[in-house]
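Okay, here's what each chain looks like letter by letter:
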Amino acid sequence: MSTRLSQLFVRTLREDPVDAEVASHRLLVRAGYIRRQAPGVFAWLPLGLRVRRRIERIIHEEMAAAGAQEVLFPALLPREPYEATGRWEEYGDGIFRLKDRKGADYLLAPTHEEVFTLMVKDLYSSYKDLPLTIYQIQDKYRDEARPRAGLLRGREFSMKDAYSFDYTDEGLDASYQAQRDAYERIFQRLGLDYVIVKADAGAMGGSRSEEFLHPTPIGEDTFVRTDGGYAANVEAFHTVPPAALSIDDAPEPTVFESPDTPTIETLVALANERHPREDRPWTAADTLKNVVLALVAPDGGRELVIVGVPGDRDVDMKRAEAAFSPAEVEAATEADFARNPGLVKGYIGPWSPEGPVLGETSFTGIRYLLDPRVVEGTQWVTGANEPERHVFSLTAGRDFISDGIADIAEVREGDEAPDGSGPVELARGMELGHVFQLGRKYAEALGLKVLDENGKLVTVTMGSYGIGVTRILAAIAELGNDERGLIWPRSVAPFDVHVIAATKDETVYGVAEDIVAQLEATGADVLFDDRLKVSPGVKFGDAELLGVPIIVVVGKGAADGTVELWDRRTGVKTPTPIAELTEAYRQLP
RNA sequence: CGGGGCGUAGCUCAGGUUGGUAGAGCGCUCGGUUUGGGACCGAGAGGUCGCAGGUUCAAAUCCUGUCGCCCCGACCA
């Protein structure tokens, strides 16, 4: 197959589009692969669609190899199934909702667990029908608060989503492993680095969940890993609690004056100045910071919760969101404080000489959770619940207790991994895939049961497996580009080879046509820049911008039987006799 | 939700303070010259200046409101 550039529906831009920041977005627009239609919504032009189709092909092949069958569900779905699982509420503003002419509620699906589950329920009712894995490549819709970076976080995006159905836990493990293996092969074929990290399994159901992260500084996820092989999204990281200490010889709590200490820093400075320790200076890690959070439930209910964390650590809002999901986490507002006059802003602590201040059984009744590091016997400097007063030697387990653990403080480089494999390092990554053992949550909510070997009804156990197709495309573009344009790997390039007729000499054009035919005969998909009145410089520039990895320049030397074989990836241009071109092209990596 | 920036031709942007027939470069069309790194000459097409209201003889420009877009932040008590 060959395509003439003069006929291709594309217009390259000489200048960067003003609204694009990241390289993939900027270059995909400039090279005429995609065009923005709305925030986070893009139209696909022939070049972009070709790359997308090639990525999809690789996914289809690996899904088939993993025994998954392709189906296709609509994006437009009724409310009811999502109502049954609670996700109509849970998603909040995160989904596009619409009404039909009768006023019935619909949504544009953000994922399809519900309708896949219902379809299997409709059609199957025996263990003999299982296991089953079905998948689709389909557009998903999420009303992101802030779409950004072009294709990297869109409101419409293409996703391969697969769902497995088993009637035993062992079956689920096998189905999960098959998808996980397929993902590894897919990313390897696409030439994308990836790290498989433990992921947050969510507040509801789900036993095992892993993300495929592509390490990159522009990634939106932070993950930790150790040399010992541990890897986890920070949202799924579990802090190792220290051993409890004896409370017998802990000194009694001592209240002290602490004016002008709005921050932990100023508090530590004051403590060192007025009440120095004998063994070492006070540090932020000696203080207990009581962070007031507001949890907003999907139904709109608002609850305050206070989390005590060591003062040298901030609360990681993403970890908090994961921990309190499905509730949204917000900072407490002035209005929240006004409704809770028992909280002395800036001097909040769990204790007062009169008794406990925080906790469900205290007089404020506000739920109080503690960082895992705050184990029994540890002593803290914290607020005394009076203006300009803090307290020393407040001892956990003796002077205050909590309603539970909240492991939501930031994770730091050097923290110990929970599996004992050593200190962690932090890195940024882009989530390209997610495999997830859902367990029986959806099957239970929607009544998907089958008869087992004994004639007994059993609830089906499920897995869901997603890969962001358009995000992968952006990730590849992000990885392969330079100041002149895109550079595609051969596995997904829109064309296999780009032939440039770098002249207006008619006989040379004839040679170029022959070369196109010759390359086509090898099975290559050829892009032929046949534009007659366009100068060579423009053609070279466009070739570099479009990013087809192999370029053949047919120019002056053509009359003598020589063309240039140009590797866009290395920049190397090799003069090649036309007779040897096909072979030389085949030899390229 | 908060902060900042921006809405003028397909793209990138001037013009606005000082109101007076809407501009440039690139791209596009036609004619001619040119042809291995984004050529040149000439002639053209193309814009409700985001939207609404107001002031004015007159508004892209001043005023009010509104909508949209981009970026950053979302907490450290």
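Residues numbered from 1 in each chain as written. Chains lettered and ligands numbered in written order. Predicted model: local features only at pLDDT ≥ 70, side-chain atom pairs only at ≥ 80, totals over all residues. Heavy atoms only, no water.

**Side note on the sheet that holds strand β15 (residues 288-296)**
For sheets, the rule is that strands pair by backbone hydrogen bonds, running either parallel or antiparallel. Applicable threshold: By this definition, two strands are paired if DSSP reports at least two bridges between them. Only DSSP runs of H or I with at least four residues qualify as helices, and only runs of E with at least two residues qualify as strands; both kinds are numbered from the N terminus onward. By the convention used here, residues are in contact when the closest approach between their heavy atoms is within 4.5 Å. Every angle, taken between N-to-C directions, lies between 0 and 180 degrees, and every axis is a line fitted to C-alpha atoms, over only the stretch in contact when it is a helix.
Across the sheet, 5 strands lie side by side as β17-β15-β16-β20-β23; this open sheet has mixed pairing. The strands lining the two open edges of the sheet, one partner per strand, are β17 (328-331) and β23 (404-405). Pairing of strand β20 (residues 367-370) with β23, which is carried by 2 bridges, proceeds in the parallel orientation. Along β23, the bridge assignment pairs Leu 369 with Gly 404. Across the sheet, helix α8 (residues 317-324) touches β15, β16 (302-310), β17 and β20, and the angle it forms with β17 is around 135°.

**Re the sheet that holds strand β5 (residues 76-78)**
Read across the open sheet, the 3 strands follow the order β5-β7-β6; overall the sheet is antiparallel. The sheet is open, and its two borders are formed by β5 and β6 (96-99), each paired with just one other strand. Across this sheet, the average inter-strand angle for adjacent strands is 35°, counted without regard to direction.

**Comments concerning the domain arrangement of chain A**
What counts here: Domain limits in this description derive from either an automatic procedure or a database domain assignment. What counts as buried area is the accessible surface, traced by a 1.4 Å probe, that two parts surrender upon association, with contributions from both included. By salt bridge we mean one thing: a side-chain nitrogen of Lys or Arg within 4 Å of a carboxyl oxygen of Asp or Glu.
Examined at the domain level, chain A breaks down into domain 1 (2-237 + 426-477), domain 2 (254-405) and domain 3 (495-587). Between domain 1 and domain 3, the contact holds 15 residues from the first and 16 residues from the second. In total, about 1400 Å² of surface goes out of reach between domain 1 and domain 3, with carbon and sulfur atoms giving 55% of it. When the area that domain 1 buries against domain 3 is broken down by residue, the three leading residues are Ser 2, Arg 4 and Leu 5, summing to 40%. Linking domain 1 to domain 3 there are 4 salt bridges.

**Let's talk about the protein's contact with RNA strand B**
Condition: We define proximity as follows: a residue is near a molecule or strand when any one of its heavy atoms falls within 4 Å of that partner. Any N or O atom pair separated by 3.5 Å or less is treated as a polar contact, with the protein-specific requirement of one donor-capable and one acceptor-capable atom, and with residues adjacent in sequence counted only for side-chain atom pairs.
The immediate surroundings of RNA strand B are formed by 39 residues, with Asp 314, Gly 346, Lys 504, Glu 544 and Glu 564 found nearest. Taking the atoms of RNA strand B that fall within 4 Å of the protein, sugar and phosphate contribute 54% of them. Between Lys 556 and RNA strand B, the recorded distance is 3.0 Å, taken from a backbone N or O atom to a base oxygen. Note that a base nitrogen of RNA strand B is positioned 2.3 Å from one of the side-chain N or O atoms of Glu 564. Among the secondary structure elements, those contributing two or more residues to the surface near RNA strand B are β2 (34-38), β15, α13 (536-546) and β33 (562-567).

**Quick word on unusual backbone geometry**
In the segment running from Leu 130 into Pro 131, the intervening peptide bond is cis, with an omega of 5°. Along the polypeptide, Pro 131 turns up in the loop between α5 (113-123) and β8 (132-141).

**Re the pairing of β16**
Counted only if it meets this: Burial classes follow relative accessibility: with a 1.4 Å probe on protein chains only, a residue under 20% of its type's maximum area counts as buried, one over 50% as exposed, and anything between as partly exposed.
Of all 9 residues in β16, 7 are buried, a share of seventy percent or more. Examined bridge by bridge, β15 and β16 share 9 bridges and lie antiparallel to one another. Counterpart to Val 292 in the pairing with β16 is Ile 306. One ladder, built from 4 bridges, connects β16 with β20; its direction is parallel. Residue pairing in the sheet places Val 307 in a bridge with Leu 369 of β20.

**Notes on the nonpolar core**
Cut-off, in case you're wondering: What is meant by a nonpolar core is a set of buried Ala, Val, Leu, Ile, Met, Phe, Trp, Tyr and Cys residues, joined one to another through side-chain atoms within 4.5 Å.
Counting residues in each nonpolar core, the largest one holds 56 residues, and the members touching the most others are Leu 28, Tyr 33, Ile 55, Tyr 183, Leu 190, Ile 472 and Trp 488. A domain-level breakdown of this core finds at least three residues from each of domain 1 (2-237 + 426-477) and domain 3 (495-587). Among the nonpolar cores identified, the runner-up in size contains 23 residues, and Ile 95, Val 115, Leu 438 and Ala 443 belong to it.

**Here we look at the pairing of strand β34 (residues 573-577)**
Bridge count for β33 against β34 is 5 bridges, and the pairing is antiparallel. The partner of Leu 565 across the bridge, within β34, is Thr 574. Counting the residues in the hairpin turn of β33 and β34 gives 5 residues, including Gly 571, whose phi is positive at 85°.

**Things to note about the pattern of salt bridges**
Think of it this way: side chains of opposite charge can pair up when their charged atoms draw near. With the rule as written, the count across this model stands at 34 salt bridges. We note a salt bridge from Arg 208 to Glu 210, for which the minimum N-O separation is 3.4 Å. Here the salt bridges share partners, and the residues they tie into one network are Arg 52, Arg 53, Glu 56 and Asp 139.

**Regarding the environment of Arg 54**
The residue Arg 54 is located in helix α2 (residues 46-65) in this model. Sequence separation of Arg 54 and Phe 9 is 45 residues, and the distance between their C-alpha atoms is 19 Å. When sequence neighbours within four positions are dropped, the list of residues in contact with Arg 54 reads Arg 490, Ser 491, Val 492, Ala 493 and Asp 496. Among the polar contacts made by the side chain of Arg 54, one reaches the main-chain carbonyl oxygen of Ala 493 at a distance of 2.8 Å.

**Observations concerning the packing of aromatic side chains**
The condition that has to hold: Under the pairing criterion, centres of Phe, Tyr and Trp rings, with the six-membered ring standing for Trp, must be within 6.5 Å; the plane angle then separates stacked pairs below 30 degrees from edge-to-face pairs above 60, leaving the rest tilted.
This model, assessed by the stated rule, comprises 11 aromatic pairs. Between Tyr 33 and Trp 488, the aromatic rings sit 5.6 Å apart at their centres with planes inclined by 35°, giving tilted as the arrangement. Taken together, the positions of Tyr 33 in the loop between α1 (23-30) and β2 and Trp 488 in the loop between β29 (485-486) and β30 (497-501) put the pair 455 residues apart, joining distant regions of the chain. Owing to a relative accessible area of 1%, Tyr 33 belongs among the buried residues under this scheme.

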